[in-house]
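Residue-level listing of the chains:
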Amino acid sequence: MIDPVLFNDWHPVAASATLASGTLQPVRLLEHDLLVWRSDDGAVHAWDERCPHRGAQLSLGTIQQDRLVCAYHGWQFDASGQCTLQPAHPHDTPPATARAMQYLAQEAYGLVWVCLGKPARALLPFPEHADPRLRKVLCGPYRVNTSGPRIIENFLDMAHFPFIHTGILGAPSHTEVPDYTVAAYDDGLGEAGMQGVIATHCFAYQPRSNLLASEGSMVEYTYRVVRPLSAILTKLPLQQDGFDEAISLHVQPLDEEQSQAWIVLAMTNDASTDEEMRAFQDTIFGQDLAILESQRPKRVPLHPGMEVPQRADRLSAAYRRLLLQLGMTYGVM
């Protein structure tokens with residue numbers, strides 16, 4: 001049974017840059033096999049993977065003159081999903097039922113986003129991405145053998161820095177997590193948005209908080225949970241120049257216990273290449289991967305008593321309460 005909270009929300013499925021005109025890209029979302037492609041007018045389309053004729057994978061086909069051509073019997077579909085030609089009967093007009101199933105799709109933040117149902121809220125806001133002073137770098141996707149909420153919780157957790165990211169984001173000599181503030185967060189979209197969670201005054205000692213860091217320092221973070229499977233971290237700038245660097249995490253739920261994670265950076269780091277910034281994030285996520293895939297159960301327990309928390313988990317506890325309030329049932333217990 002599909003969770004309506006996620007079924008009626010937007011999820012990343014592909015990088016916009018990889019979706020050139022004329023290419024067919026199979027993707028998976030919430031146990032649905034989909035096809036995303038771009039028509040000649042630049043629009044992005046998300047369809048069910050199966051041809052309505054005999055169920056063949058449409059991604060095995062080709063794009064010819066802005067028509068998607070099924071590999072099995074050559075049926076041609078226009079951008080609306082309607083079959084316009086059945087080569088076995090070239091003089092017939094295909095029936096209206098000869099149509100590929102379509103889903104809503106849009107592009108933002110360097111990603112293609114798909115909603116399988118009727119969107120209950122607008123696409124998440126990420127204002128830092130619009131700041132022209134910040135470089136935008138897309139990292140991932142990272143395939144993870146666990147549920148989406150486990151990945152979000154790990155992103156929100158500072159207590160693991162000294163142990164999993166030793167020498168980069170943490171040090172064994174600095175394990176204490178100072179108390180921080182957790183509150184409800186209004187994403188500013190009104191009825192089209194969602195009230196999430198925000199944590200402020202989050203301090204952590206980091207030996208190497210970015211590629212350019214030469215010595216350790218205390219770093220102040222703010223965490224925003226803006227959607228059930230999206231969170232944004234901002235770093236307090238070293239100089240009060242009116243903007244924050246941001247790292248956003250967006251989880252693509254493949255099924256309840258399989259996910260892909262996408263990271264979008266909006267940073268001021270001008271002394272390194274995009275490839276170096278991606279490699280840095282690859283290293284950090286790679287260190288998290290074994291732990292994430294080792295956690296049992298794979299689905300996040302939402303009810304007290306199933307796990308033993310510590311005070312540093314206040315943000316995670318607020319995240320779990322948010323999922324309960326939303327009525328989410330997918331990827332959780």
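Our structure's up above, just so we're on the same page.
Everything quoted here is computed from the prediction, not taken from an experiment. (Residues numbered from 1 in each chain as written. Predicted model: local features only at pLDDT ≥ 70, side-chain atom pairs only at ≥ 80, totals over all residues. Heavy atoms only, no water.)

Brief notes about the sheet that holds strand E6 (residues 67–69)
Spatially, E5-E6-E7-E8 is the arrangement adopted by the four strands of the open sheet, whose pairing is antiparallel. The open sheet is flanked by strand E5 (62–64) and strand E8 (83–85), the only strands paired with a single partner. Both E5 and E6 contribute to a ladder of three bridges, which runs antiparallel. Across the sheet, the residue bridging to Ile63 is Leu68, located in E6. (Pairing = 2+ DSSP bridges. Helix = DSSP H or I, 4+ residues; strand = E, 2+ residues; numbered from the N terminus.)

Overview of the packing of aromatic side chains
A full pass over the atoms with the stated rule returns eight aromatic pairs. Aromatic side chains Tyr142 and Phe285 sit 4.4 Å apart centroid to centroid with 10° between the ring planes, which places their arrangement in the stacked category. You can see Tyr142 sitting in strand E11 (residues 135–144) and its partner Phe285 sitting in helix H4 (residues 274–294), a full 143 residues away along the chain. Each of the two residues, Tyr142 as well as Phe285, counts as buried. Taken together, the ring pairs in this structure connect Trp37, Trp47, Trp75 and Phe77 into an aromatic cluster. The aromatic ring of Tyr180 is capped on one face by Arg314, whose charged end is 5.9 Å from the ring centroid. (Phe/Tyr/Trp six-rings, centres within 6.5 Å; stacked < 30°, edge-to-face > 60°. Buried < 20%, exposed > 50% of the residue type's maximum accessible area, 1.4 Å probe, protein only. Lys NZ or Arg CZ within 6 Å of the ring centre and 35° of its normal.)

Focus: the nonpolar core
By size, the foremost hydrophobic cluster in this structure holds 65 residues, and its most contacted members are Val114, Leu156 and Tyr223. Membership of the second largest hydrophobic core comes to 20 residues, among which are Cys115, Leu123, Leu124 and Leu134. (Core = buried A, V, L, I, M, F, W, Y, C linked by side-chain atoms within 4.5 Å.)

Topic: H4
Helix length check: H4 (21 residues) gives 31 Å between terminal C-alpha atoms against 30 Å at 1.5 Å per residue, within 8%. All buried positions along H4 are accounted for by Met277, Phe280, Gln281, Ile284, Phe285, Asp288 and Leu292. Where the residues of H4 are buried, they touch E11, helix H2 (148–156), helix H3 (161–164), strand E16 (245–255) and strand E17 (258–267). (Expected span 1.5 Å × (residues − 1). Contact = heavy atoms within 4.5 Å.)

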